[in-house]
Amino acid sequence: MSELIIANKVFHSRLLVGTSRYPNPQTMMSALDASGAEIVTVAVRRVNLNEKSSESILGYLDQKKYWLLPNTAGCFTAKDAILTAQLAREALETNWIKLEVIGDDETLFPDVIELVKAAEKLVADGFIVLPYCNDDPITCRKLYDIGCAAVMPLGAPIGSGMGIRNPYNLQIIREQLPDIPLIIDAGVGTASDAAIAMELGMDGVLLNTAISQAQHPVQMATAMKLAVAAGRLAFEAGRIPKKLYATASSPLEGVIGQ
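Here we summarise the structure given alongside this text. Computed from a predicted model, the values in this text were never measured in an experiment.

Looking now at the environment of Asn169. Within the secondary structure, Asn169 is located in helix α6 (residues 167-176). Residues Asn169 and Asp136, spaced 33 residues apart in sequence, show a C-alpha to C-alpha distance of 6.7 Å. Once residues within four sequence positions are removed from consideration, Asn169 is found in contact with Asp135, Asp136 and Pro137. At 2.7 Å, the side chain of Asn169 and the backbone oxygen of Asp135 are in polar contact.

Here it is in structure tokens:
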């Protein structure tokens, strides 16, 4: 399986994992290890960035093993998202940011206008921006044109577990933006969802709830790791075309009696 490259940094895993809502820190760490993920997201507004003791999330994460990707979850305006990114850059010493600008508390869909505004200013300020966005080809192209390092369309609403609801849009986005990493962010519920995303040509899958809220998070983390790898290998192998009628798997030429 080929490597994932974002902003000239090479990752061997195409699975990105969040750190929220685990039953306890020990389960979180075991799940992260089982997932094989190298990029781990941290919600800036939900952790104390100055507290890095063994009792905090940041204290548990070995930054020699995991590439921390702070995110702006909980921000509803471009102004708040920009400030949150700046705080993360200062505290965590990274210019990488997973950009989220949410429109409301119920759907958690992105506010596209505020998202694009924040992305423009953060890219101009030297950030490596990975924006969470709708599965809308137009929005994705705008974020690409701005200079985002990756684009992260949703598969379904955050935490819904509904899987890939609009594979056709994702195919369009992939065809129109062949030169930028595309990472499915949100909606994955089980391993088959992750595999489908990768078979569609996505470069990676970012998930949290599907693992942290599973009955057995560590087992689900292992399943997600295998599904992402299998889906990517299938995409790179090139599937057979779909046909309405059957095609014999064994050739008819040279059959005895003919």
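Once you've had a look at it, read on.
This next bit is on the packing of aromatic side chains. Tallying each qualifying case throughout the model produces three aromatic pairs. Residues Phe11 and Trp67 carry aromatic rings whose centres are separated by 6.5 Å and whose planes lie at 65 degrees to one another, so their mutual orientation is edge-to-face. Remark: Trp67 occurs in strand β5 (residues 67-71) and Phe11 occurs in strand β2 (residues 9-11); sequence separation between them is 56 residues. Exposure remark for Phe11: the relative accessible area of 2% places this residue in the buried category. Of the residues examined, Trp67 reaches a relative accessible area of 28% and is grouped as partly exposed. With a centroid separation of 5.3 Å and 70 degrees between ring planes, the pair formed by Trp67 and Trp96 is classed as edge-to-face. Remark: Trp96 occurs in strand β6 (residues 96-99) and Trp67 occurs in strand β5; sequence separation between them is 29 residues. Since its relative accessible area comes to 6%, Trp96 is described here as buried.

Conventions adopted
Residues numbered from 1 in each chain as written. Predicted model: local features only at pLDDT ≥ 70, side-chain atom pairs only at ≥ 80, totals over all residues. Heavy atoms only, no water. Helix = DSSP H or I, 4+ residues; strand = E, 2+ residues; numbered from the N terminus. Contact = heavy atoms within 4.5 Å. Polar contact = N/O pair within 3.5 Å; in protein donor to acceptor, adjacent residues only side chain to side chain. Phe/Tyr/Trp six-rings, centres within 6.5 Å; stacked < 30°, edge-to-face > 60°. Buried < 20%, exposed > 50% of the residue type's maximum accessible area, 1.4 Å probe, protein only.

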